[in-house]
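This is what each chain is made of:
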Amino acid sequence: SSGSSTPAASTPAKTFTVGSMIWDTSVGFYANFIKGQQEEAAALGITLDLQTGKGDLATEVSVIQQFITKKVDLIIVTPSDAQGIVPAIKQANDAGIPVISANNQVGQGASVVTFVGADDYQFGQKQGELLVKAVGENAKVGYVMGKLGTSAQTLRKKGLDDYLKTHTGIKLIESQAADWDNAKALALVQDWLSKYPAGSIDAIIDQGPEGATAAKYAFDNGRKDVKFLMGDYPKDVKDGITAGYIYGTVDQDPHPQGVESVKMANFWLLGQKDKVPQPTYYLDLPIVTSENVSQYPAAWGG
Amino acid sequence: MIDPVGTTASPGAAPPLLAMRQIRKSFAAGEVLHGVDFTLERGQIHALVGQNGAGKSTLMKVLGGVYPDHSGEVSLEGQPIRLSSPGAALDHGIAVIYQDFALVPAFSVADNIALGREPRGGFPGSISHRALRARSAQEAAALGIDVPVGQPVGRLGVAEQQLTEVVKALSRNARILVMDEPTARLSPAERDRLFDTMRRLKQGGVGIVYISHFLEEVFLVADQVTVLRDGNVVATRPAAELDLPSLASLMVGSTLAVLQRETDRRVRPGTAALEIRDFSPARRPSVSLAIQPGEIVGLAGLVGSGRTRLARAIVGDLPSTGDRLVRGGPAPFRSPVDAAAAGILLLPEDRKRDGLVLPSTVASNLSLTALRGALSRRGFVRRGERRRLVTDLVERFRILPPDPDRPVKTLSGGNQQKVLMGRAFGARASVLILDQPTAGVDVGVKAELYGQVREMARDGVAFIIISDDLDELLLLADRIMVMRAGAADQPRPAESFSRAGLLEAITRQVHEVAV
Amino acid sequence: MTSGDLPAPAPPARLGRQVHWAQLASRYAMLGFFAALVVVLIVASPTFRDPANLLNILQQNSIIGIVACGMLLMIIVGGFDLSVGAVGAASSCAAAAVFVPLGIVPGVIAALMVGLSVGLLNGVLIAKIGINPFVTTLGTQVLVTGLLFIATNATPIYGLPEGFTFIGLGRIGPLPVAFLIFSGVVVVTLVILRFTRFGHYIYAVGGSRDASRLAGINVDRVTIAVYGFGGLFAAIAGLVLLGQTNIGQPASASTWPLSAIAAVVVGGVPLTGGVGGVAGAVLGTLLLGTVANALNLLSVSPYWQPAITGLVILLAVGLDSYQRKRSGGE
Amino acid sequence: MTSGDLPAPAPPARLGRQVHWAQLASRYAMLGFFAALVVVLIVASPTFRDPANLLNILQQNSIIGIVACGMLLMIIVGGFDLSVGAVGAASSCAAAAVFVPLGIVPGVIAALMVGLSVGLLNGVLIAKIGINPFVTTLGTQVLVTGLLFIATNATPIYGLPEGFTFIGLGRIGPLPVAFLIFSGVVVVTLVILRFTRFGHYIYAVGGSRDASRLAGINVDRVTIAVYGFGGLFAAIAGLVLLGQTNIGQPASASTWPLSAIAAVVVGGVPLTGGVGGVAGAVLGTLLLGTVANALNLLSVSPYWQPAITGLVILLAVGLDSYQRKRSGGE
Ligand SMILES: Nc1ncnc2c1ncn2[C@@H]1O[C@H](COP(=O)(O)OP(=O)(O)OP(=O)(O)O)[C@@H](O)[C@H]1O
Ligand SMILES: Nc1ncnc2c1ncn2[C@@H]1O[C@H](COP(=O)(O)OP(=O)(O)OP(=O)(O)O)[C@@H](O)[C@H]1O
Ligand SMILES: [Mg+2]
Ligand SMILES: [Mg+2]
């Protein structure tokens, strides 16, 4: 069950060891990301050394340092903060270990082979798109954010804010943090629903999937006038879209990001550098609504 | 030298109520009971005496089930028993009044009296607080003991805590009753009432173990006396076969100098070291008193007469009204910190709550107050000086074992009291207020301590001594001030009091109030 | 009933019926603060005084309230429990996992078993082995969370029966079911503390382990039982959480321990043990819950909310403690 | 020097020269556990025994170690501090904000000022107002974090001078600078506790406030000063953190309080106050740090790591406490 060494299936000259640091594995989102990395690593006969940053930048730094002392062949990082991880990545650079960043970018000042995935800034912009698609150009909207200061919260917010600059008719009349917590999101939405009677709020958009419960609550309590928009695409959000109490979401599917990150690592190590898109390798962020929900399996919890 | 009659029951005769054989107990620091034999008969009051640290309390804690890891046999009416826990001991009908009390501070006196035997309420597992309060009050009344049943014990003075313990233990109608220095903190009136109760229980066939450092009391109540020295029994005799000097010499292993008043010491005239004018602790009558350098003033009074309150008010620990002058100058103390800075120290009556820093070592406790003075330079502790002071105090106050690095909580009660005294004496104070300073200290050391007090008085230190031991006051004090219900008589020269006269003076007002 | 219970002389200092006035005053100080806050809000915000909103407050704070009741017991006995969050998450996941195949009742039983057993484990480690409550419960918290992650790969458990949200979001008449469960727990706690010998011994042990042991009280058993209740209540809270979200979230509930301790302490119960009443836990929970609700209704910026919450806590408790100190209560 | 200092009779119970053996035994129990662990790892893992790795361990645990030293002081005086994380984050952000325009020295001063003032505020609220340490420091933690969010909109502060990473990641000879700073803090703490009057008063106040007051010690001043140090040390840790990440991150350091308290308690220092020594804090920090390092080196699945960590903590402390209990140490 340990997410580490899996014997090389088709043994090349040497099995590469790839260290993968994920800023916090206790975030459900990364479960399938990890699965993807493990499956791909197994398929390619790569030894994957998976480590968690425990959601703490200092720990992330120390994990990178340990990869360096372990002399892994390549490091894949999913940092919690683009800039904060730079000093550690620089140490990897100095040690001559190539670094690929996945899901979250690495900032200026250190060099990475490439970035694989979709970052949270784009994600925020996609949510903007979704919002306009849902409510048109003029609307009053409540914004449920994740835990303040987490990179997903700050970047997704920045993305959305920037997108809405060109859609001035859409007003974020409320914006609060629910700390990626279903119960908190629910309480927040309840408070807003009591504050805004039918017609005075058009939509509530959540940075994460935690609002699904709240959406159902509103629906069951006759507030069908409010459209609910989520972020990410776990099973309960898919169910919500199918059932109609969630308008739509932006699907950042972690599994392909995991797979691709390892695949790119393998190309790079095998010297097939031309196969590695640089400086970035963006995976698409499909907008999922009732129209296309059937073609997308849930990103996790499926 | 062990008396056969006392210990081994002759065949045929009913087995003794309690027989402890070859009891040994050791702590991390070593063995403290070296095979003790102790026998208690039905309806017997058996006095257990010995110097501080002899092992009296430890032996009784073994009996109370506190130390299941002891060795040796204990048998009750011939039946061997295992004292595996305090609960087990209680189930065998053994009730103990521990020297350092076992009370729950936040609980009311009533709750403490009933602790562990609360009356049932309506449904199984329930408790009836009403019945509990009523029963406890009635139990206290039945013993003629007056305690504020509704008050939380944490706010009581030591004397009232002691009385609570007495009621608690006596109300368990135990077969065996152990009293570890129950009178150390009681004034004469309570003592006499306690002795009456003991005699009554004795008639009822209860066996009582009685520990005290007041040897006169031993002869007052005890039938049998066992003397412990350094964890060994040195004698077990009928009280009738002993007298004070012989008992004392059995305890210390040498004859005791008889305590005398000293006559040569002169009180220094001039400005008072400490003076209070129309001074009163919050909501109490006001008191005036002036103490000269080198003078020893005794405060006599019954429990609750307000001596502790006055003392705590003088050092600024309780709010007060009126004037306080130190060496002629006004001294508005907001807290004992100010008082200490002005060289006025209080030795509290409750060594566990207000006196010692229990987790710390003997050394830390002894040097605590002195640190602010000679023991530190520019905030750094002068460790050599500290060491020297500590070893000197350990030696001067005969602290046993003489190991300054022991946690103070592992010392015997009397030795803890010596540490408290040592701390006050070690600090360069100009006025020392001692509240029950020799409580629980053995006769041998008392003489020593009196010597220390007089010596310091010669050096010009002024003393206020609060004590329930009238002889102590009569021996030490130059003047004695009697307090009643917070009010104070004019201080009078100690010579002008006879013991009876002083006792009468203390109790007088109470009778009038009763009328 | 709970708030009606407040002024009643619940035994914060075990003075039997009659409460020492300092305690009483301080209780009223905190109560007064709460009352003032509520009045201001009722006047200031129409949305706040809307019964629907008031009922929401009750429902939203039921979870922490339930946890707080268990925490109260453990605080009175002289400890506390940092593992309630892990227990809450674990029990809700256990319930979810069992529901899906086996249905409601087995699920509920599974959850309660999880809570009870972790609680008892805490109790044994503390009472018998002698590990202090902080390390013990921190250890079990990490351990339980870890096992949960292993079992679930940190992914939520979906697919619960619709109906179960009744526990978390349903209403009986006007009253939220969650709140009724909370009230039930409050009553149980009240009865334990006020009317049972066990409750009396909780205060005794918390007040002085030694004195209690010397009086023949089985200190270990009392301690273990108390932590058992703590775990059990946390599991009940976990079930209510599950009823609100309808998914078993391994990463949820991590803030419960501090929130619950905060609620109890804000309610005027010292962490030193031996004193305190269920009124305090309820008061603290509602106070903090009302503040959070108000901040949302008044659309206070999320960046400002923590700062303001912090200020309110310090203000309320400061007022309380200061006056307690002046009146020589402590 | 720190580990060399361990077996020495540092004062876990202020025993001056020679240590009461129960304490000694228990200290050695924990020390033995640590030694055994290290030996096993050295044998088992070539990477572990690689000096580079050992130096990493020292560097990585310097931050928590520094915080733990402050926490130790506050625990000995009978309290603890939940605001050290907020202080760490705030001071590193303050430093970052001031660096960018004004340069290093003013930045460092700003950070230390932040730490000191929050610490003193904690002290005043606890000593003068009488709010208990839990609520006080929880309140200031929330408050400080809140103000930080307001000031930064919760977004990190970028653009620090490259060179500053020297503090966090640099080396002097073989030794990590962070570790040298940690060692400095350890020495300061050691000197305070062993050689100063203030240190002696810390133990006295922690052992019994009443006795200390009546012995003429200014209890309030001692308490306030201790929390001042706690805040100051947290600020120093914040600077080291800044040196590791080179950004001022408002949301960072939230795990510091529990980790630091855990380190101290795992080191064998009871939360009841009045006893304990710097050796305990160092031992606890290194033990937890080594375990974390080992789990990474042995590539233990992240899902398993918490569970194992929990087990190790309970095992180590359990061993310790149990034997302490047997030998009547407590
Ligand atoms: N918990 C403990 N740990 C270590 N030594 C102890 C402990 N308790 C008592 N002792 C030692 O045992 C010896 C006997 O103590 P004990 O309390 O029985 O004396 P005692 O006869 O009651 O003296 P006192 O008259 O002062 O009460 C003393 O030397 C004391 O230091
Ligand atoms: N909350 C408290 N904390 C600490 N000490 C207290 C508290 N309440 C009362 N005390 C002390 O306990 C004493 C009450 O006990 P006691 O009746 O023996 O004192 P007293 O009235 O001075 O009588 P005595 O003359 O016997 O000292 C008060 O004088 C006071 O100093
Ligand atoms: Mg004794
Ligand atoms: Mg008195």
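A brief report on the enclosed structure follows. (Residues numbered from 1 in each chain as written. Chains lettered and ligands numbered in written order. Predicted model: local features only at pLDDT ≥ 70, side-chain atom pairs only at ≥ 80, totals over all residues. Heavy atoms only, no water.)

1. Some details on the overall build of chain A
Line of reasoning, step 1. Scanning chain A from terminus to terminus reveals 9 helices and 12 strands.
Line of reasoning, step 2. Taking 19 Å as the expected radius of gyration for a compact globule of 302 residues, we find that chain A reaches 20 Å, a close match to that expectation.
Line of reasoning, step 3. Taken along its principal axes, the extent of the C-alpha atoms in chain A is 65 × 35 × 35 Å.
Line of reasoning, step 4. In chain A, which comprises 302 residues, the share counted as buried stands at 64%.
Line of reasoning, step 5. Here the contacts in chain A between residues at least 6 apart in sequence split such that 72% fall between residues at least 24 apart.
Line of reasoning, step 6. Carbon and sulfur atoms make up 53% of the accessible area of chain A, which totals about 10,100 Å².
Line of reasoning, step 7. If the 26 positive side-chain charges of chain A are averaged to one point and the 33 negative ones to another, these points end up 1 Å apart. (Helix = DSSP H or I, 4+ residues; strand = E, 2+ residues; numbered from the N terminus. Rg over C-alpha atoms; globule rule 2.2 N^0.38 Å. Buried < 20%, exposed > 50% of the residue type's maximum accessible area, 1.4 Å probe, protein only. Contact = heavy atoms within 4.5 Å. Areas by Shrake-Rupley, 256 points an atom, 1.4 Å probe, with all protein chains shown as cover. Lys, Arg positive; Asp, Glu negative; His and termini not counted. Charge placed at Lys NZ, Arg CZ, Asp CG, Glu CD.)

2. What to know about the coordination of the magnesium ion (ligand 3)
All names here are of chain B.
Line of reasoning, step 1. Within the first shell, the magnesium ion (ligand 3) binds the protein through S57 (OG) and Q99 (OE1), at distances of 1.9 to 2.0 Å. In this pair, S57 sits in helix 2 (residues 56–63) while Q99 sits in the loop between strand 6 (94–97) and helix 4 (109–114), placing the two residues 42 residues apart along the sequence. The same class applies to S57 as to Q99, namely buried. (Donors = N, O, S within 2.8 Å, 3.2 Å for Na, K, Ca; no water.)

3. Digging into the arrangement of the chains
Line of reasoning, step 1. A comparison of contact numbers over the 5 pairs of chains in contact places chains C and D at the top.
Line of reasoning, step 2. Over all C-alpha pairs, chain A and chain B never come within contact, reaching a minimum spacing of 37 Å.

4. Points about the site of ligand 2
Residues and elements named next belong to chain B.
Line of reasoning, step 1. Neighbouring residues of ligand 2: 15 residues in total, closest G304, R307, T308, R309 and R312.
Line of reasoning, step 2. R309 has a polar side-chain atom sitting 2.4 Å from an oxygen atom of ligand 2.
Line of reasoning, step 3. Separating an oxygen atom of ligand 2 from a side-chain N or O atom of R312 is a distance of 3.4 Å.
Line of reasoning, step 4. For ligand 2, whose free accessible area comes to 600 Å², the fraction covered by protein is 86%.
Line of reasoning, step 5. Per-element tally for the shell around ligand 2: the top contributor is helix 10 (residues 307–314), with 4 residues.
Line of reasoning, step 6. The residue makeup of the shell around ligand 2, split by class, is 3 nonpolar, 5 polar and 7 charged. (Near = heavy atom within 4 Å. Polar contact = N/O pair within 3.5 Å; in protein donor to acceptor, adjacent residues only side chain to side chain. Nonpolar A, V, L, I, M, F, W, Y, C, P; charged D, E, K, R; others polar.)

5. Some words on the relation of the copies chain D and chain C
Line of reasoning, step 1. With an RMSD of 0.1 Å, the operation that places chain D on chain C is a rotation of 180° combined with a shift of 0.1 Å along the axis. The transformation relating the two chain copies, once decomposed into turn and shift, fits a two-fold axis. Residue T272 of chain D, judged by its C-alpha, is the member of chain D lying nearest the rotation axis, at 4.7 Å.
Line of reasoning, step 2. Residue by residue, 100% of the interface of chain D is reproduced at the interface of chain C, so both copies engage with the same surface. (Least-squares fit on C-alpha atoms with pLDDT ≥ 70 in both.)

6. Observations concerning the site of ligand 1
Residues and elements named next belong to chain B.
Line of reasoning, step 1. Not every one of the 21 residues close to ligand 1 is listed here, only the nearest: G53, K56, S57, T58 and G414.
Line of reasoning, step 2. One of the backbone nitrogen or oxygen atoms of A54 is found 3.3 Å away from an oxygen atom of ligand 1.
Line of reasoning, step 3. Between ligand 1 and H213 there is a distance of 2.9 Å, counted from an oxygen atom to a side-chain nitrogen or oxygen.
Line of reasoning, step 4. Taken by itself ligand 1 offers 630 Å² of open surface, and the protein chains cover 88% of this.
Line of reasoning, step 5. Sorting the residues of the shell around ligand 1 by element identifies helix 2 and helix 15 (413–426) as the ones contributing at least two each.
Line of reasoning, step 6. Partitioned by chemical class, the residues of the shell around ligand 1 number 5 nonpolar, 13 polar and 3 charged.

7. Examining the layout of surface pockets
Residues and elements named next belong to chain B.
Line of reasoning, step 1. The volume enclosed by the second largest pocket comes to roughly 800 Å³.
Line of reasoning, step 2. Contributing to the lining of the second largest pocket are 31 residues, with L215, E216, L244, V443 and D471 lying nearest its centre.
Line of reasoning, step 3. Among the elements of the structure, helix 7 (188–203), helix 8 (215–221), helix 9 (244–252), helix 16 (443–458), helix 17 (470–476) and helix 18 (499–514) are those that each provide at least two residues to the lining of the second largest pocket.
Line of reasoning, step 4. Top contributing element to the lining of the second largest pocket by residue count: helix 17, with 5 residues. (1 Å grid on protein atoms, 1.4 Å probe; cavity = no way out; pocket = protein on both sides within 12 Å on 5 of 7 lines; lining within 4 Å. Points joined across faces, edges and corners; volume = space filled by probe spheres on them.)

8. Remarks on the coordination of the magnesium ion (ligand 4)
All names here are of chain B.
Line of reasoning, step 1. At the metal site, the magnesium ion (ligand 4) is ligated by T308 (OG1) and E349 (OE), and these contacts range over 2.1 to 2.3 Å. Placement of T308 in helix 10 and of E349 in the loop between strand 16 (344–347) and helix 12 (351–355) is noted, with a sequence separation of 41 residues between them.
Line of reasoning, step 2. In this structure E349 comes out as buried when scored by relative accessible area, which is 15%.

9. Some details on the packing of aromatic side chains
Where two aromatic rings form a pair, the distance of their centres and the angle of their planes describe that pair.
Line of reasoning, step 1. Counting across every chain of the model gives 19 aromatic pairs over all chains.
Line of reasoning, step 2. Geometrically, the ring pair formed by Y30 of chain A and F33 of chain A is edge-to-face, given 5.8 Å between the ring centres and 90° between the ring planes. In this pair, Y30 of chain A and F33 of chain A both sit in helix 1 (residues 30–44), 3 residues apart, roughly one turn of the helix.
Line of reasoning, step 3. Considering the side-chain rings of F115 of chain A and Y282 of chain A, the 5.9 Å spacing of their centres and the 70° angle between planes classify their relative orientation as edge-to-face. Of this pair, F115 of chain A sits in strand 5 (residues 115–117) while Y282 of chain A sits in strand 11 (residues 280–282), placing them 167 residues apart in sequence.
Line of reasoning, step 4. Across from the ring centre of F214 of chain B, 4.3 Å away, lies the NZ or CZ of R191 of chain B, which sits over that ring. (Phe/Tyr/Trp six-rings, centres within 6.5 Å; stacked < 30°, edge-to-face > 60°. Lys NZ or Arg CZ within 6 Å of the ring centre and 35° of its normal.)

10. Description of the side chain of E118 of chain B
Line of reasoning, step 1. In this structure, E118 of chain B sits in the loop between helix 4 and helix 5 (129–142).
Line of reasoning, step 2. Excluding residues that lie within four positions of it along the chain, E118 of chain B makes contacts with I127, L132 and R135 of chain B together with R197, H200 and Y201 of chain C.

11. Topic: the interface of chain D and chain A
Frequently, the measure chosen for interface size is the accessible area that the parts lose on association.
Line of reasoning, step 1. Residue-level contacts link 35 residues of chain D with 33 residues of chain A.
Line of reasoning, step 2. Both sides of the chain D and chain A interface together cover about 2,700 Å² of buried area, and 54% of this is carbon and sulfur.
Line of reasoning, step 3. The tally of links between chain D and chain A comes to 0 salt bridges.
Line of reasoning, step 4. Contributions of two or more residues to the side of chain D that touches chain A are made by helix 4 (51–76), helix 8 (165–169), helix 12 (219–245) and helix 14 (278–297) of chain D. (Buried area = accessible area lost by both parts, 1.4 Å probe. Salt bridge = Lys/Arg side-chain N within 4 Å of Asp/Glu carboxyl O.)

12. Some remarks on the interface of chain D and chain C
Line of reasoning, step 1. Listed per partner, the contact involves 40 residues of chain D and 41 residues of chain C.
Line of reasoning, step 2. In total, chain D and chain C occlude about 3,500 Å² of area from one another, counting both sides; carbon and sulfur atoms represent 82% of this.
Line of reasoning, step 3. By the criterion of area lost to chain C, the three top residues of chain D are F134, Y303 and L314 of chain D, representing 18% of everything that side buries.
Line of reasoning, step 4. Across the chain D-chain C interface, the total number found is 0 salt bridges.
Line of reasoning, step 5. Applying the counting criterion to the chain D and chain C interface returns 0 residue pairs in polar contact (both at pLDDT 80 or more).

13. Examining the packing of helix 10 (residues 197–207) of chain D against helix 12 of chain D
All names here are of chain D.
Line of reasoning, step 1. In the contact formed by helix 10 and helix 12, the axes pass within 10 Å of each other and the chain directions differ by 105°. Here helix 10 is positioned roughly perpendicular relative to helix 12, judged by the angle of their axes. For the pair helix 10 and helix 12, the contacting residues are F198, Y201, I202 and V205 in the first and V219, V222, T223, A225, V226 and F229 in the second.
Line of reasoning, step 2. In terms of residue class, the contact of helix 10 with helix 12 is made up of 9 nonpolar, 1 polar and no charged. (Axes fitted to C-alpha atoms, helices over the stretch in contact; angles between N-to-C directions. Parallel < 35°, antiparallel > 145°, perpendicular 65-115°, else oblique.)

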